[in-house]
Amino acid sequence: MSNPDFTLYVVTAILLYIVGLYGIAIRRNMVRTVIGLEIITASVNLNFLAFTLLDPKLLPLAQYFVVVSIVLGAAVASLALMLVIQAYRLYGSTDLRKLNKLKW
Amino acid sequence: MPQSWIVLQPIIILFAGALILPTIEFLGKAVKLEKLRGTVAVIIFGLSLYSALGVYGEVQRQGPLTYFLSPYEPPIGVDFFVDQFSIFMALIFCLLGLLISIYSIKYMEDDTGLDKYYSLLMTLVAGLVGISFAGDLFNLFIFWEVMSLSSYALVAFKKYRWEAIEASFKYLIMSTIGSLTALYAISVLYGLAGTLNISQLASIIPTLETYPPQLPYFIIATIIVGFGVTASIVPFHFWLPDAHPAAPSGISAMLSGVVIKAGVYAIARVLFSIFIPTAFNFGTTLILFGIITITVANFMALLQRDIKRLLAYSSIVNIGYIIFGFGVGAYALNFYGVGGYSIAALAIMGAIFHVFNHAVGKGLLFLGAGSFIHEVGTRDLMELEGVGKKMPWTGVSFSIGLLTLAGVPPLSGFWSKLFIILAGYAVLGNSFMIITTSIVVLNSIFAAAYYLWLMQRVMLRDPKPKAKGVHEVPILMVIPIVILGLITVIVGCWPFEIINFADVAARSLLGLLMG
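Residues numbered from 1 in each chain as written. Chains lettered and ligands numbered in written order. Predicted model: local features only at pLDDT ≥ 70, side-chain atom pairs only at ≥ 80, totals over all residues. Heavy atoms only, no water.

**Regarding the pairing of strand β2 (residues 79-82) of chain B**
All names here are of chain B.
Then, number 1: Alternating residues of β2 divide into D79 and F81 and F80 and V82, and every residue in both groups is buried.
Then, number 2: In this structure, strand β1 (residues 65-68) lies alongside β2, joined through 4 bridges in antiparallel fashion. Bridge assignment links T66 to a residue of β2, and that residue is F81. (Buried < 20%, exposed > 50% of the residue type's maximum accessible area, 1.4 Å probe, protein only. Helix = DSSP H or I, 4+ residues; strand = E, 2+ residues; numbered from the N terminus. Pairing = 2+ DSSP bridges.)

Below is the structure:
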């Protein structure tokens, strides 16, 4: 754990995770919520790659994981954006505050 | 361990089915046979159940099976591992898939895009079976996303209704944060151990020197939070009471009956196989999550007027029992060391048995509620009063479902609750266990009260005006409900086969760590 780059990357990954969560919690626009999810995906991918700095033997498999994870993230994002479009058609807005009919 | 490619059969059949179904729809339109897709879907689900039974036979004969896509051996390749616990879960998934596809033929008759509905249902079940068969964590994560994506799409299936869209969006955001949190934990595990194969991790992690030394507990917490969102453990349950009622009833049965169990399965598999409970104390956490889940969800269930929301909250309650059972197992092993093995086996057996009972019981209740809604056209409990009198077959089966979840003795739900509570009291001389188990018992009685209240309302009251003119639903919708009711009664009166199976499954889950 002595590699300074490693610390930098891991801390960046954690910060990105927090930024993504903050975006989902605070922003009221559905599209920004989806962007928040993508930021979290990026943070996890970065974390996978950060560990390869410590041991280069981890690199090939980590790359495979990251590529597959990007594909899955794209699938989730496309489905989420479909829901955003459909919500816009039904409500005429992408404001999450308008989507509050379901409670308890 | 024996290599066998047959572990792939159920997954391949379901994915192939999902691919060919749109073609079948096209052909059916050409020859004016619109019903063709439903029949084909039922046949495909039947085949998957049959092949899962074949895998079960192999596991019985040879013990746990593995399979990797050659030539890439673990840890590089895609790896499958099937033991008794996996196949127990997979059989439940395939059984519910078959019954729900039969139910959907009539229930979904008036909807459009049904080929996509069945395709998504197949990928959902394929993802679930894949989760239970996965031999390495990344593989598990891929099937996890396949399952989640199918269920988001199915919740939003009636996309012209605001409720479905809102519930699906909420579900998608929360569940994706959860699975990414779990993936974060998986990435840290990969960095520490250099492999994601579960059996290799099991030999590396317990002896690993980490800096800081609390790092494994961080991973355990992230795993519980990450998979716990899908399992709907209480602080992370907000999506469930919205998503389950908004879906079509067959899908509600699928989500409540089995999808949330996949979360429990993932938690149990990762924690018990990789983080040995004798080395790490995660039992306390699971027990606390369990009792909070049971208590909060019980109070929330009492406030509901919508029949499907009430059932959704009762699903959260039952997840609490299951998590509590696993927690007792881990706690006993940590408290007594290897001496706690028999208590742990009892507790985990109870939890696994409860997975079965709740899948069958809640599947039955949601399908029954779906039949009521189909006939009366409302989800309001006040207007559904007395509807059971007009629909005798559905009504009686629905009551059996309520009684089994209430834990009335001759039915199957009684046995699993009994085992979990007995195991909780079996950890002697420990006030923590006595207090928490007593809370579970009190909640169990409390829950029985509102199940009986619901039964009295639906079955015994005089029918309300809306419910006066209704008739029994078509035979194809009655059959799955009656089958599930019969399973409950038969397993309740003759539980020994399932208990044996659950016991072997529990020992297999623990046996991985006992070497």
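**Quick word on the packing of aromatic side chains**
Residues and elements named next belong to chain B.
Then, number 1: Using the criterion set out here, one finds 35 aromatic pairs over all chains in the structure.
Then, number 2: Taken together, a centroid distance of 4.8 Å and an interplanar angle of 65° make the contact between W144 and F227 edge-to-face. With W144 in helix α5 (residues 137-155) and F227 in helix α8 (residues 215-231), this residue pair connects regions lying 83 residues apart in the sequence.
Then, number 3: Using a relative accessible area of 0% as the deciding quantity, one classes W144 as buried.
Then, number 4: The interplanar angle of 90° and the centroid separation of 5.6 Å between the aromatic rings of F272 and F282 together place this pair among those described as edge-to-face. (Phe/Tyr/Trp six-rings, centres within 6.5 Å; stacked < 30°, edge-to-face > 60°.)

**Here's the deal with the interface of chain B and chain A**
The figure often quoted for interface size is the accessible area lost as the parts come together.
Then, number 1: Taken together, the contact between chain B and chain A spans 44 residues of the former and 40 residues of the latter.
Then, number 2: Summed over both partners, the interface of chain B with chain A comes to about 3,900 Å²; 79% of that surface belongs to carbon and sulfur atoms.
Then, number 3: Our count for the contact surface shared by chain B and chain A stands at 0 salt bridges.
Then, number 4: Connecting chain B to chain A are 5 residue pairs in polar contact (both at pLDDT 80 or more).
Then, number 5: Where the side of chain B that touches chain A is concerned, the elements lending two or more residues are α5, α6 (162-193) and α12 (307-336) of chain B.
Then, number 6: Take the side of chain B that touches chain A: its biggest share by element is 21 residues, from α6 of chain B.
Then, number 7: Tallied by class, the residues present in the side of chain B that touches chain A amount to 29 nonpolar, 7 polar and 8 charged. (Contact = heavy atoms within 4.5 Å. Buried area = accessible area lost by both parts, 1.4 Å probe. Salt bridge = Lys/Arg side-chain N within 4 Å of Asp/Glu carboxyl O. Polar contact = N/O pair within 3.5 Å; in protein donor to acceptor, adjacent residues only side chain to side chain. Nonpolar A, V, L, I, M, F, W, Y, C, P; charged D, E, K, R; others polar.)

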